[in-house]
Structure formats: C-alpha cells, structure tokens
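Structural description and commentary
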Amino acid sequence: MTSLPKCPLTGQFAEAALDTASLATSLTVGVATAYTAWDTLTPAHWFGDLRIIAAGAVCVITTATAESLLGIVLRPVRRSLWDSTRPALAVKALPPIAATADECRTQIADAAAVDAAHRAANMSHTIDHGQLLNHPDRWHGYEDGDATFYLAPGVILHFTYRQNPYSRGEFTLLTSGGDEQLEIRAISDVHRHLTSRPTPEATEPEATAPKATEPKAVAHNATGAAEPVTERPAF
C-alpha cells in the first residue's frame, strides 16, 4: 500500500479550532451550572467550604456530560476533518479467485515474490541500522523466497531466507568482477568491499554489466507489480 499526499493544513487548523471550541463550550456550561447551584441548590446555612465543594462537583459533572454530548453531536464533523487531514491509503485490489490450478500457482508465486521483498526489507535491520535497505520497493522478490537489491551496475545484494534450524536471513554480496560471494554481516562489509574493488575503468567493460544465467518466471517488487527483470542475475 502506498500513501497519498496529505491535504493542506487548513483541515488541521479546523480540527484544532473545533476541539478548542468544544472544550470552551463544555467549561462554560459547567461554570454556569456551578454558579446556579451556588445560589439556588446549596442552602445558605451550609459552610462556605461545603458549598464550594458541592458547586465544584456540579461543575465537573456538568462539564463532562456536556463534553460527551458535544462529542456525539460533532462526531460526523470530526470524522470528516480526520479523513481530510490524514493520508489515504491506496489499497491494492484483491485478485479474483483462481479458476484453475495453474492460476492458483501463479497467484501464489506472485504473493511469494512480494513476501520475499518485504521480508528482505524487514530483516535488513540485522545488517543496516542506517535504513538504506529497509525500503521494500527497492527489493526484487522471487517466488522461491529470495530477493535482490541492486546497489550499482554489477553490484547486487542477495537475500536468502533460511528456516533450518532457525528462521534467519542471509545477505550475500554478488559482483560481476569475480566469482566470490561475500557474506554480509554489516553494511560496513559492503563499503569495505567496494572500496577495495578496482574501479570500472581498470576492468573489462563487460564486467560492469550483470549476467543472467538462471531463468526465473518473473520478479516482483514489494508493490506486487511485475518487474522488467525476468531472470535472476548470477555472477
């Protein structure tokens, strides 16, 4: 789901003004009722402190009652202002019920790819507290649960979800400059490897382009949209 832009601040000011007016009205009703109770409801022979306590109790009860009644009356207005000041969420439409087993497998594969992208983004906090990798839209998920994050041409961070013996995620750095797969335990490992890596000018031109050797059905990002990448890069 994606957030739509918020409305102007006029709605927020109107909401604050409504809250202030409601509270002021309730207090006015409470004070007016307490003043009336002071003169008419409390006997004159009562001690002054006792009359103050009685009038204060009437004020509190009346104010709370008035605030509750105003809340019920103004509820539609508050809901309208709330909707106008909060970002709406664009909810993805549910897919139709699969008519065949092939359609069901396709839907499951799409859902698994989206899940892989979100899972990789959520578990990236184990290696990156700087929140570079926690954006699901930047991850490309695959139906087998793996996901890839394109850092630069020829540099890809690969995510694999392991369930045995414990559920955990493994991050591996893949580069086109060699066959090595560097296990990433912190984002500093990526920086260290890229710093020690030869510049593209000193390597062969084709080394900067990802190679695709393992065919995959389709890759999806976290929004569920099909990506133009139809094969998983492998170095």
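Because the structure is predicted, anything quoted here is derived from the model rather than measured.

Let us look at helix α5 (residues 187-196). Listed in full, the buried residues belonging to α5 are Asp 189, Val 190 and His 193. The arc that holds the buried residues of α5, viewed along the axis, is 100°, so those residues lie on one side. The outward face of α5, more than 90 degrees from its buried face, is lined by the exposed residues His 191, Arg 192 and Thr 195. In the core, the buried residues of α5 are packed alongside β4 (147-152), β6 (168-175) and β7 (181-184).

Time to look at the packing of aromatic side chains. Throughout the structure, instances matching the rule amount to four aromatic pairs. Judged by centre distance (5.1 Å) and plane angle (65°), the ring pair of Trp 139 and Phe 149 falls under edge-to-face. One end of the pair, Trp 139, is in strand β3 (residues 139-141); the other, Phe 149, is in strand β4, with 10 residues separating them in the sequence. Residue Phe 149 is classed as buried on the basis of its relative accessible area, which comes to 0%. Both rings, one in Phe 159 and one in Phe 171, keep their centres 5.1 Å apart while their planes meet at 50°; by these two values the pair is tilted. Of this pair, Phe 159 sits in strand β5 (residues 155-162) while Phe 171 sits in strand β6, placing them 12 residues apart in sequence. By way of ring pairs, the aromatic residues Trp 139, Phe 149, Phe 159 and Phe 171 are connected into one cluster.

Parameters at a glance
- As a convention, each chain's residues are numbered from 1 in the sequence order in which they are written.
- Thresholds applied to this predicted model are a pLDDT of at least 70 for local features of residues and 80 or more for the giving and counting of side-chain atom pairs; totals over whole chains, interfaces and linings are not thresholded and use all residues.
- To obtain the side-chain values, all non-hydrogen atoms of the structure were included, while hydrogens and water were left out.
- Per-residue accessibility, obtained with a 1.4 Å probe over protein chains only, is compared with the maximum for each type, and a residue is labelled buried under 20%, exposed over 50%, and partly exposed between these values.
- The numbering of helices and of strands both runs from the N terminus, where a helix is a DSSP run of H or I of at least 4 residues and a strand a run of E of at least 2.
- Note: the arc covers the axis-to-C-beta directions of the helix.
- By definition in these notes, contact holds between two residues if any of their heavy atoms fall within 4.5 Å.
- Any Phe, Tyr or Trp ring, taking Trp's six-membered ring, that has another such ring centre within 6.5 Å forms a pair; planes under 30 degrees apart are called stacked, those over 60 apart edge-to-face, and the others tilted.

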